[in-house]
Amino acid sequence: MILIIGGAYQGKLEYAKTAFSLQDSDIFTCTGKEVDLSKKCVYALEEFCFACVQAGEEPADFFRQHRQEIQDSILICQDIFCGVVPMGADVREWRQATGRLCQYLAGEVDQVIRIFCGLEQKLK
């Protein structure tokens, strides 16, 4: 299992496509609470987190419950948990939940890779 993190527009998905020979058909892009774990790559985990927070659920719990199904996955999440603290409570909770999910995943995965300006930085 691999976790790729990085800020908006830093090249996370393009890096994953190149580094792991992914085709578009290998990638599931999160737009809500549904996650297709049959895909090799799950992209935009922060959107999944947002949907969970809106529903009053903890996103990390989903991945704890599906640990075996993501064993060989590449998980990509935008870094929304750094920088200026948002004013709105809902956006703060989204940011915190996304951070908690990434902390959980970082402890479970074999590799954590940060992408900054398209450059790879191996954290784990």
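First, a word on scope: everything that follows refers to the structure included in this document. (Residues numbered from 1 in each chain as written. Predicted model: local features only at pLDDT ≥ 70, side-chain atom pairs only at ≥ 80, totals over all residues. Heavy atoms only, no water.)

### Quick notes on helix α2 (residues 45–54)
Piece 1. Burial of α2 is extensive: seven of the ten residues sit out of reach of the surface.
Piece 2. Leu-45, Glu-46, Phe-48, Cys-49, Ala-51, Cys-52 and Val-53 are the residues of α2 that are buried.
Piece 3. Taken together, the buried residues of α2 touch β3 (41–43), α3 (59–65), β4 (74–78) and α4 (89–108).
Piece 4. With its phi angle positive at about 75°, Gly-56 sits one or two positions after the end of α2. (Buried < 20%, exposed > 50% of the residue type's maximum accessible area, 1.4 Å probe, protein only. Helix = DSSP H or I, 4+ residues; strand = E, 2+ residues; numbered from the N terminus. Contact = heavy atoms within 4.5 Å.)

### Description of the sheet that holds strand β2 (residues 27–29)
Piece 1. One open sheet holds the six strands; their spatial order is β2-β3-β4-β1-β5-β6, and the pairing between them is mixed. Two strands close off the open sheet at either side, each with one partner strand: β2 and β6 (119–122). Adjacent strand axes in the sheet meet at a mean angle of 20° when their direction is disregarded.
Piece 2. Of the pairings in the sheet, the one linking β2 to β3 comprises three bridges and is parallel in character. Bridge assignment links Phe-28 to a residue of β3, and that residue is Val-42.
Piece 3. Contacts between α2 and the sheet are confined to β3 and β4, with β4 contributing the most and set at about 70° to the helix. (Pairing = 2+ DSSP bridges. Axes fitted to C-alpha atoms, helices over the stretch in contact; angles between N-to-C directions.)

### A few points about the nonpolar core
Piece 1. Ranked by internal contacts, the top residues of the largest apolar core, which has 27 residues, are Cys-30, Val-42, Leu-45, Phe-63, Leu-75 and Leu-105.
Piece 2. For this core, the elements supplying multiple residues, two or more each, are β1 (2–6), α2, α3, β4 and α4.
Piece 3. In terms of residue count, the dominant contributor to this core is α4 (five residues).
Piece 4. With residues near it in sequence (within four places) discarded, Leu-45 still touches Cys-30, Phe-63, Leu-75, Ile-76, Cys-77, Leu-101 and Leu-105.
Piece 5. Of all hydrophobic cores here, the second largest spans 13 residues; its members include Ile-2, Leu-13, Tyr-15 and Phe-20. (Core = buried A, V, L, I, M, F, W, Y, C linked by side-chain atoms within 4.5 Å.)

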